[in-house]
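Here are the chains, one letter per residue:
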Amino acid sequence: MNAHSVYKPQSRFMQWMERRLPIGGLVYSSFIVYPTPRNLNYWWTFGGILSFMLAVQIVTGIVLAMHYTANVNLAFDSVETIMRDVNYGWLLRYIHANGAAFFFVAVYAHIARGMYYGSYKDPREVLWILGVILFLLMVVTGFMGYVLPWGQMSFWAATVITNLFSALPWVGDPIVTWLWGGYAVGNPTLNRFYSLHYLLPFVIAGVVVLHIWALHMVGQNNPTGVEPKTEKDTVAFTPYATAKDGFFLGVFLLFFAWFVFYIPNYLGHSDNYIPANPGQTPMHIVPEWYYLPFYAILRAIPNKLLGVVALGGSIILLAFLPWLDTSRVRSAKYRPLYRQFLLVFFIVVIGLGYLGSQPPEGGYVIAARFLTAYYFVFLLIILPLLGLFETTKPLPNSISEAVLREGLGASAPSDAGR
Amino acid sequence: MDARHKFAFAVAVTALLAGPAMRGALAQEQEVPPPRQHWSFAGPFGLYDPQQLQRGFKIYRQVCSSCHSLKLVAFRNLADAGGPGFTEAQAAAIAASFKVTAGPNDQGEMFQRDGVLADYFPSPFANDQAARNANGGALPPDMSDLAKARSYERGFPWFIFDAFTQYQEEGPDYIHAILNGYEQAPAGVSLPPGAQYNKYFPGHAIGMPQPLTDGQVEYTDGTPATLDQYGRDVAAFLAWASEPKLDERKRLGFQVFVFLIVLTGLLYFTKKRVWHDVLHHPELLEPRPPTEYPRA
């Protein structure tokens, strides 16, 4: 989508600059006049929130790295030194640890919005796949970060997760030894996790640039799923989208601050305040809450290899959504059946999250199997069939028509719950 | 049935399907949850009570420290803001009353000297093996992080309410409960040799003999010298030892909240103002240069 209005530098310096490096023009066309659909609701603010959280994580992480020591004998105490003796070290660490959690809150909201409004469909397939890659990178980075404090949960999570690769036939055990850098999770493992935990956020930042680039090629989707046709359908990014993003970022930060300042250990596990002890397995090994749905899928399947395949498949399949979903209508607003099945899918994922936190026994496993079955049936069977059989509601001719029809509240946050 | 009702219906169906399965699993748990105590440091404005921390420190020093280390706490911390409120001179005097291993000296020998503010609390045993050997095979855990390293299962739906009520004191509640949980083992329960029965300990067989009884530690400030009170005081002290920056965190948190609420409010009215014409007077908007919409 090309905005035809051209950047005309005012100052002599910017005129000089623009002939050499047209960065002013890039910012102007991408973040000022860039046309954004006028009917975007608050679910569209999570992209900006995610960029903000990435910056928060990188900045706090770099400072934490100045005080952290990646050695099995020193790591735990170095984190405690940060908490006790580094100026505002407790703040940096609590922001970073809860920041990871809120990064995932935002990414799940962002993904759910994409699924609800069909944002992955033609022409946004590459944009969506880049998003799935970003999510995968976040999962890996977050996991490695959780290992660094070298508490009991750090150690045992590292052991359980790396051991998953041993399920692969033939190459499994050599891969695990290679990942560990030895024959057990130990100092080489901690060192490489630290190195990669520092590297991957910058890879994420790079893919974010591609993600935004792809976004600016195809433009944003919107709650109607109908593409903008004229200037009446869009508003300029600045000030409209920036004002809206700014406000909702403030709301998001209020929630974030609640956790950082008042319940900083709520999302963590108390066992991670016990130094890692390879000789003592904790009663229940659980990952951080944002991995629980996938952990539940892993444990729901009795065969280890199939469990690992299901775990990987549950994320990889998302990349194929543009082709699994055969409907040409984007927004769930106009797809009554899809809407129902999708809302159940969201509830199922939350249910799996709860089951992932419980011991893998009795009724919990049975429930997890039912929910896992729905997860895959929804993606592999319901989605392709729905597109063929579902009767969709009539689409509006344009965004502005939809806005007029629904009244002025179209941009209210309650839009998605209707 | 409108969409909202359908959503509620879907939730209800899921709950019905998953509910009985979960109840079966929950019935297996028979842990007794620790009774909730009142803590001065609970809630958004709760801070440590220095008097209570001093009493708790007295108990740690006279009782716990004979088996439990406190490796991450230094004597200087006793005089830190938001702590037990000792003066620097008092903290130095406490430090001097401990013997610390230092060295090596010029002859290459380790030697004992009086503690100074910069020293950390010395551990009662040379290493974990020595500690186990002296305690019938059980290892008394280090107490520096104990109040954050212990918890108990809150279960659904309580863990959700905890996020709103800011219940963060599972650890201190648990420590208080353990100290008050020693009982005669019920008939039919056999304990491994050397173990005691404790109502609140997971599995009930605890290696630690009952450490505190009524009147064991002398209080000079009129506080009742009861086991119940000892449990609360030492748990509060351990809460401070594990989270010494709690006072600073809550004070800063309040300032951040005031700032964020004002900022978010201003951003809300900014947004409202900016969008006003788009929503209500689109005819007043300046015409924008044409844009190419490739898929229109």
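None of these values were measured; they are calculated from a predicted model.

Chemist: An account of the overall build of chain A is requested, with residue identities and associated values reported.
Modeler: Helices and strands together make up the secondary structure of chain A, namely 16 helices and 3 strands. For chain A, whose C-alpha radius of gyration is 23 Å, the value lies close to the compact-globule estimate of 22 Å for 418 residues. Across its three principal directions, the C-alpha atoms of chain A cover 65 × 60 × 45 Å. The buried share of chain A, reckoned over its 418 residues, is 45%.

Chemist: Which residues make up the overall build of chain B, and what values do they have?
Modeler: Helix and strand counts for chain B stand at 9 helices and 5 strands. For chain B, the N- to C-terminal ordering of α and β elements is α-α-α-β-β-α-α-α-α-β-β-α-α-β. Contacts in chain B between residues at least 24 apart in sequence constitute 62% of all its contacts with a sequence separation of at least 6.

Chemist: Give me helix α5 (residues 89-116) of chain A: which residues, what numbers.
Modeler: Residues and elements named next belong to chain A. An ideal rise of 1.5 Å per residue puts 40 Å on 28 residues; α5 measures up with 40 Å between its terminal C-alpha atoms. Gly 99 marks the point of greatest bend in α5, at about 30 degrees. The buried fraction of α5 is high, at 22 of 28 residues. Within two residues after α5, Gly 118 carries a phi angle of roughly 60 degrees, on the positive side.

Chemist: Tell me what's going on with the packing of helix α6 (residues 125-147) of chain A against helix α7 (residues 152-163) of chain A, and back it up with residues and numbers.
Modeler: Two quantities define a packed helix pair, namely the angle between the axes and the distance from one axis to the other. Residue and element names in this part refer to chain A. Contact geometry for α6 and α7: axes closest at 7 Å, N-to-C directions at 135 degrees. Taken together, the axis directions place α6 and α7 in an arrangement best described as oblique. Between α6 and α7, the contacting residues are Phe 143, Tyr 146 and Val 147 on the first element and Ser 154, Ala 157, Ala 158 and Ile 161 on the second.

Chemist: Which residues make up helix α15 (residues 362-389) of chain A, and what values do they have?
Modeler: What sets the pattern is the α-helix's 3.6 residues per turn: residues three or four places apart point alike. All names here are of chain A. In this model, α15 (28 residues) spans 38 Å end to end at C-alpha, consistent with the 40 Å of a helix rising 1.5 Å per residue. The axis of α15 is deflected most strongly, by about 45 degrees, at Phe 378. Residues of α15 that are buried: Gly 363, Tyr 364, Ala 367, Ala 368, Leu 371, Thr 372, Tyr 374, Tyr 375, Ile 382 and Leu 383.

Chemist: So what about the domain arrangement of chain A? Which residues, and what values?
Modeler: All names here are of chain A. On domain assignment, one finds that chain A holds domain 1 (36-285) and domain 2 (291-394). Between the C-alpha centres of domain 1 and domain 2 the distance comes to 22 Å. At the junction of the two partners, domain 1 supplies 19 residues and domain 2 supplies 17 residues. Here the side of domain 1 that touches domain 2 gets 5 residues from one element, more than from any other, and that element is α6. Looking at the side of domain 1 that touches domain 2, its residues break down into 12 nonpolar, 5 polar and 2 charged.

Chemist: Which residues make up the packing of helix α11 (residues 292-300) of chain A against helix α12 (residues 304-319) of chain A, and what are the values?
Modeler: Residues and elements named next belong to chain A. For the pair α11 and α12, interaxial distance at closest approach is 7 Å and the crossing angle is 145 degrees. Between α11 and α12 the crossing geometry is right-handed. Side by side, α11 and α12 meet where Phe 294, Ile 297, Leu 298 and Arg 299 of the first sit next to Gly 307, Val 308, Ala 310, Leu 311, Ser 314 and Ile 315 of the second.

Chemist: Go over unusual backbone geometry with me, naming the residues and quoting the values.
Modeler: The peptide bond linking Thr 238 of chain A to Pro 239 of chain A adopts the cis configuration, its omega dihedral lying at 10 degrees. Relative to the helices and strands, Pro 239 of chain A resides in helix α10 (residues 237-262). A cis amide bond, omega 0 degrees, links Phe 156 of chain B with the succeeding residue Pro 157 of chain B. Considering the arrangement of structural elements, one finds Pro 157 of chain B in the loop between α5 (146-149) and α6 (158-165). Its identity as a non-glycine residue notwithstanding, Trp 150 of chain A has a phi of 55 degrees, on the positive side. For Trp 150 of chain A, the location among the structural elements is in the loop between α6 and α7. Of note, the phi angle at Gln 166 of chain B is positive, near 60 degrees, even though the residue is not glycine.

Chemist: Report on the confidence of the model for chain A, specifying residues and quantitative values.
Modeler: Looking at chain A as a whole, the pLDDT averages 93, with 96% of positions reaching at least 70. Segment residues 409-418 of chain A: pLDDT under 50, and 15 contacts once partners within four positions in sequence are set aside and those in other chains are kept.

Chemist: Tell me what's going on with the environment of Phe 57 of chain B, and back it up with residues and numbers.
Modeler: All names here are of chain B. Assignment of secondary structure puts Phe 57 in helix α2 (residues 50-62). Accessibility expressed as a C-beta count within 10 Å gives 26 for Phe 57, which makes it buried. Residues Phe 57 and Asp 162, spaced 105 residues apart in sequence, show a C-alpha to C-alpha distance of 29 Å. Residue contacts for Phe 57: discarding those within four places in its chain leaves Pro 84 and Phe 237.

Chemist: How would you explain the environment of Tyr 174 of chain B if you had to name every residue and give the values?
Modeler: All names here are of chain B. Positionally, Tyr 174 belongs in helix α7 (residues 170-179). A count of 23 C-beta atoms within 10 Å places Tyr 174 in the buried class. On a C-alpha basis, the gap between Tyr 174 and Ile 160 in space is 19 Å, while along the polypeptide they are 14 residues apart. Among residues more than four places away in sequence, those in contact with Tyr 174 are Pro 34, Arg 150, Ser 151, Tyr 152 and Tyr 200.

Chemist: Describe the confidence of the model for chain B, and please don't skip the residues or the numbers.
Modeler: Residues and elements named next belong to chain B. Considering every residue of chain B, the mean pLDDT works out to 89; 88% of them sit at 70 or more. Below a pLDDT of 50 lies the segment residues 6-29, which in the model reaches 26 contacts outside its immediate sequence neighbourhood of four places, other chains included. In the model output, the complex is listed with pTM 0.92 alongside ipTM 0.91.

Chemist: Outline the environment of Val 33 of chain A, supporting the account with residue identities and numerical values.
Modeler: Mapped onto the elements, Val 33 of chain A comes out in the loop between α2 (23-32) and β2 (35-37). Taking the C-alpha atoms as reference, Val 33 of chain A lies 18 Å from Asn 222 of chain A; in sequence the two are 189 residues apart.

Rules used throughout
- Residues numbered from 1 in each chain as written.
- Chains lettered and ligands numbered in written order.
- Predicted model: local features only at pLDDT ≥ 70, side-chain atom pairs only at ≥ 80, totals over all residues.
- Helix = DSSP H or I, 4+ residues; strand = E, 2+ residues; numbered from the N terminus.
- Rg over C-alpha atoms; globule rule 2.2 N^0.38 Å.
- Buried ≥ 20, exposed ≤ 12 C-beta atoms within 10 Å, placed from the backbone.
- Contact = placed C-beta atoms within 7 Å.
- Expected span 1.5 Å × (residues − 1).
- Bend = angle between axes of the 7 residues up to and from the residue.
- Axes fitted to C-alpha atoms, helices over the stretch in contact; angles between N-to-C directions.
- Parallel < 35°, antiparallel > 145°, perpendicular 65-115°, else oblique.
- Domains from an automatic or database assignment.
- Nonpolar A, V, L, I, M, F, W, Y, C, P; charged D, E, K, R; others polar.
- Left-handed = near helix turned anticlockwise from the far one by under 90°.
- pLDDT = per-residue confidence, 0-100.

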